[in-house]
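# Structure at a glance
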Amino acid sequence: MTSFFSSPRAVFAAAIALRAMLLVYGLFQDAHSPMKYTDIDYYVFTDAARFMSRGQSPYARDTYRYTPLLAWILLPTTWGGWWFSFGKILFAAGDIIAGWLILLILRSSVKLPIPQALKYASIWLLNPMVATISTRGSSEGLLGVFVITLLWAVLQRNVTLAGLLLGFGVHFKIYPFIYATSIVWWMDEENLDSDPTSKPQEPEDLAGRIVLFFNSARLKLALSSFISFMLLNLLMFSKYENDFIQHSYLHHFTRIDHRHNFSPYNTLLYLNSSPAARSTLQLESLAFIPQLLLSAVIIPIALAKYNLPSTMLAQTFAFVTFNKVCTSQYFLWYIVFLPFYLPSSSLLQRPSLGVVACVLWILGQAVWLQQGYQLEFLGKPTFIPGLWLSGIFFFLVNVWILGIVISDIGCGSKIVPKVAAQKKKR
């Protein structure tokens with residue numbers, strides 16, 4: 001096993017083989033089983049691409065709630081034959097690229113030796129959950145590439161590239177906007193300096209501190225991300241007008257998705273999906289308040305200066321846990337950051353704690369899925385108390401794990417990537 005993790009070629013070959021087998025198995029299951037392997041979202045993506053290939057709007061496909069870029073990328077799926085699986089292959093390839101970037105960061109910034117770095121990168125590369133979700137046709141793995149490239153660009157102090165990627169990521173899928181706070185907060189002179197011991201003297205007056213805060217890196221990040229985000233939005237708006245704004249952005253504030261939703265708001269969403277309930281106070285519409293306060297304000301300000309990659313994990317974990325819609329695909333949003341957090345985490349330093357956390361996290365999903373199966377496949381009314389209580393249980397498990405993550409980051413040491421001295425001289 002040690003020799004296996006000493007070879008990047010062996011690990012990446014295994015990761016590719018895992019996804020290739022799942023892709024082939026998916027074709028078999030789709031052809032012979034009433035329960036399809038392909039995710040329903042993939043049919044939504046490819047239907048939208050088919051509308052675009054005919055010169056129509058991707059939003060002509062009901063429930064398409066994404067940027068037109070995704071449908072444009074998947075245009076080859078309309079060419080017939082095996083090309084229908086093009087998107088799945090692309091998303092699986094995204095997994096591999098994200099894994100390579102994870103390894104790159106673990107080697108260059110966290111300074112782990114190759115065998116250890118490969119073991120942690122394998123949490124993503126060889127994770128059957130990650131591979132299954134991507135090969136079923138979920139685009140979350142593709143987003144993982146953008147997010148990890150963003151992290152890499154920040155740690156390498158390539159601020160312009162980081163800004164362009166941040167704007168692109170928010171356009172592609174709204175939630176990466178939460179990383180803006182942590183990145184901006186991290187970008188002080190101490191972290192931007194190639195010599196982490198040369199901390200600049202902080203001004204005593206408030207005006208001086210404000211001037212120091214708005215350094216060139218932060219201004220460059222804000223400008224480049226704004227330009228990237230606005231150019232993409234203006235381009236899409238010029239072609240699809242209000243449909244683009246409504247389905248890509250505004251819909252997410254009013255969405256009522258109760259199927260496959262692990263959130264404790266699941267039962268409320270189901271009840272409020274009835275037209276008769278639309279006039280009543282919808283408490284789940286306030287879910288964004290604790291969600292955004294934690295993920296976009298409190299966590300980044302409290303932790304980003306200690307450890308940026310792990311802070312991004314905590315942000316994402318909080319965002320998904322407190323979101324009114326929480327599905328299995330969203331778990332990939334924070335799993336991609338696990339390799340950066342685990343090396344110094346109490347979950348590994350105290351194996352019993354790690355095992356309990358892992359078991360409870362899996363058990364919480366299993367309990368919910370058992371209730372969901374009875375509801376959706378057997379038609380049994382398990383909403384209350386079964387489905388509701390299982391959602392509460394999974395939520396509490398996640399809050400407990402989030403508390404461990406936050407505690408670990410706050411008590412841990414800073415990760416300050418090293419940059420060649422030549423860059424400093426320039």
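Read on for a plain summary of the structure. These numbers were taken from a predicted model, which means no experiment stands behind them.

Calculation rules
- Sequence order as written defines residue numbering, which begins from 1 separately in each chain.
- Under the rules for a predicted model, residues below a pLDDT of 70 receive no local features and side-chain atom pairs below 80 are neither given nor counted, while totals for whole chains, interfaces and linings still include all residues.
- Side-chain descriptors were evaluated using all non-hydrogen atoms of the structure, hydrogens and water having been removed beforehand.
- Secondary structure elements follow DSSP: runs of H or I of four or more residues count as helices, runs of E of two or more count as strands, with numbering from the N terminus.
- Working definition: with a 1.4 Å probe on protein chains only, accessible area under 20% of the residue-type maximum means buried, over 50% means exposed, and in between means partly exposed.
- Note on contacts: a residue pair qualifies if any of its non-hydrogen atoms lie within 4.5 Å across the two residues.
- Each accessible area is a Shrake-Rupley result for a 1.4 Å probe, and residues are judged covered by the shown protein chains and nothing else.
- Note on terminology: a nonpolar core comprises buried Ala, Val, Leu, Ile, Met, Phe, Trp, Tyr and Cys residues joined through side-chain atoms within 4.5 Å.
- Where each domain begins and ends follows an automated or database-derived domain assignment.
- To estimate how far a helix should reach, multiply one less than its number of residues by 1.5 Å.
- A 3.5 Å cut-off defines polar contacts: any pair of N or O atoms within that distance qualifies, except that in protein one atom must be a possible hydrogen donor and the other a possible acceptor, and neighbouring residues in sequence count only when both atoms are side-chain atoms.
- Salt bridges are defined by distance alone: a side-chain nitrogen of Lys or Arg within 4 Å of a carboxyl oxygen of Asp or Glu.
- Any two of the Phe, Tyr and Trp rings considered here, Trp counted by its six-membered ring, make a pair once their centres fall within 6.5 Å; the pair's planes then place it as stacked at under 30 degrees, edge-to-face at over 60, or tilted in between.
- Definition used: whenever NZ (Lys) or CZ (Arg) falls within 6 Å of the ring centre and also within 35 degrees of the ring normal, the charge is taken to sit over that ring.
- Axis lines are fitted through C-alpha atoms, for helices just across the contact stretch, and the angle between N-to-C directions can take any value from 0 to 180 degrees.
- By definition in this entry, angles of less than 35 degrees are roughly parallel, angles greater than 145 are roughly antiparallel, angles of 65 to 115 are roughly perpendicular, and the rest are oblique.
- By the convention adopted, Pro, Cys, Tyr, Trp, Phe, Met, Ile, Leu, Val and Ala count as nonpolar, Lys, Arg, Asp and Glu as charged, and the other residues, Gly among them, as polar.
- Nonpolar side chains (Val, Leu, Ile, Met, Phe, Trp, Tyr) are joined into patches within 5 Å and like charges within 9 Å, using only residues with over 30% relative accessible area and no salt bridge.

For the rest of this paragraph, the subject is the overall build of the protein. Helix and strand counts for the protein stand at 21 helices and 0 strands. By residue count, 50% of the 426 residues in the protein fall in the buried class. In the protein, of all internal contacts separated by at least 6 residues, the share reaching a separation of at least 24 is 72%. Here the protein displays about 20300 Å² of accessible surface, and carbon together with sulfur accounts for 68% of that area.

Within the secondary structure, cysteine 358 sits in helix H19 (residues 351–376). Through-space distance from the C-alpha of cysteine 358 to that of isoleucine 401 is 9.3 Å; in sequence the pair is 43 residues apart.

What follows covers the nonpolar core. Ranked by size, the top nonpolar core spans 108 residues in total, and within it Tyr64, Tyr179, Met187, Phe331 and Phe337 carry the most contacts. Mapped onto the domain boundaries, this core takes at least three residues apiece from domain 1 (138–254) and domain 2 (257–417). With residues up to four places along the chain from it excluded, the contact list for phenylalanine 331 reads Met129, Phe262, Val320, Cys326, Trp361, Gln365 and Phe394.

If you check H19, its first and last C-alpha atoms are 37 Å apart, about what 26 residues at 1.5 Å a residue would give, namely 38 Å. Regarding H19, the residues found buried are Leu353, Gly354, Ala357, Trp361, Gly364, Gln365, Trp368, Gln371, Gly372, Gln374 and Leu375.

With that out of the way, let us pick up helix H2 (residues 40–53). Taking 1.5 Å of rise per residue, the 14 residues of H2 would be expected to cover 20 Å, and the 20 Å separating its terminal C-alpha atoms lies within 8% of that figure. For H2, the N-terminal cap is aspartate 39; the gap from its side-chain oxygen to the backbone nitrogen of aspartate 41 is 2.7 Å. Of the residues flanking the end of H2, it is glycine 55, one or two places downstream, whose phi is positive at about 80°.

Turning our attention to the pattern of salt bridges. Applying the stated criterion to the full structure yields 7 salt bridges. Arginine 19 is the salt-bridge partner of aspartate 95, the closest N and O atoms lying 3.2 Å from each other. Residue aspartate 95 is located in helix H4 (residues 86–108), and its partner arginine 19 is located in helix H1 (residues 8–32); the two are separated by 76 residues in the primary sequence. Note on aspartate 95: relative accessible area 0%, which makes it buried. Under the relative-accessibility criterion, arginine 19 is labelled buried at 2%. In this structure, lysine 173 and glutamate 140 form a salt bridge, with 3.3 Å as the shortest nitrogen-oxygen distance.

A separate point is the packing of aromatic side chains. Considering all chains together, one arrives at 34 aromatic pairs under this definition. Consider the rings of tryptophan 83 and phenylalanine 86, whose centres lie 6.0 Å apart with planes at 40°: the pair is tilted. Chaining the aromatic ring pairs together yields one cluster made of Tyr42, Tyr43, Phe45, Tyr59, Tyr64, Tyr66, Phe84, Phe91 and Tyr240. A cation sits over an aromatic face here: arginine 218 above phenylalanine 213, 4.0 Å from the ring centre. Its guanidinium or amino end placed over the ring of tryptophan 185, lysine 305 lies 4.6 Å from that ring's centre, counting from NZ or CZ.

This paragraph deals with the environment of proline 76. Along the polypeptide, proline 76 turns up in the loop between helix H3 (68–73) and H4. Separated by 30 residues in the primary sequence, proline 76 and threonine 46 place their C-alpha atoms 9.2 Å from one another. In this structure, proline 76 is in contact with Trp83 and Phe86, ignoring residues within four places of it in sequence.

Turning next to the packing of H1 against helix H5 (residues 114–125). Describing two packed helices takes the angle between their axes plus the distance from one axis to the other. Axis separation between H1 and H5 bottoms out at 10 Å; the angle between their running directions is 10°. In terms of orientation, H1 lies roughly parallel with respect to H5. Mapping the contact onto sequence places Pro8, Val11, Phe12, Ala15, Leu18 and Arg19 in H1 and Ile114, Leu118, Ser122, Trp124 and Leu125 in H5. When its residues are assigned to classes, the contact of H1 with H5 shows 9 nonpolar, 1 polar and 1 charged.

Turning our eyes to something else, we now look at the side chain of arginine 61. Inspection of the secondary structure puts arginine 61 in the loop between H2 and H3. Relative accessible area serves as the criterion here: at 19%, arginine 61 is assigned to the buried category. Among the polar contacts made by the side chain of arginine 61, one reaches the side chain of aspartate 47 at a distance of 3.1 Å. Beyond its immediate stretch of four places on either side in the chain, arginine 61 contacts Tyr43, Val44, Asp47, Ala48 and Phe51.

Summarising the element assignment, methionine 230 is placed in helix H12 (residues 216–254). Its relative accessible area of 29% is what places methionine 230 among the partly exposed residues. Expressed as a C-alpha distance, the spacing of methionine 230 and histidine 171, which sit 59 residues apart in the sequence, is 8.7 Å.

A cluster of nonpolar side chains, Leu286, Phe288, Ile289, Leu293, Val297, Ile298 and Ile301, forms an exposed patch at the surface whose accessible area comes to about 590 Å². Relative to the elements of secondary structure, isoleucine 301 occurs in helix H14 (residues 288–303).

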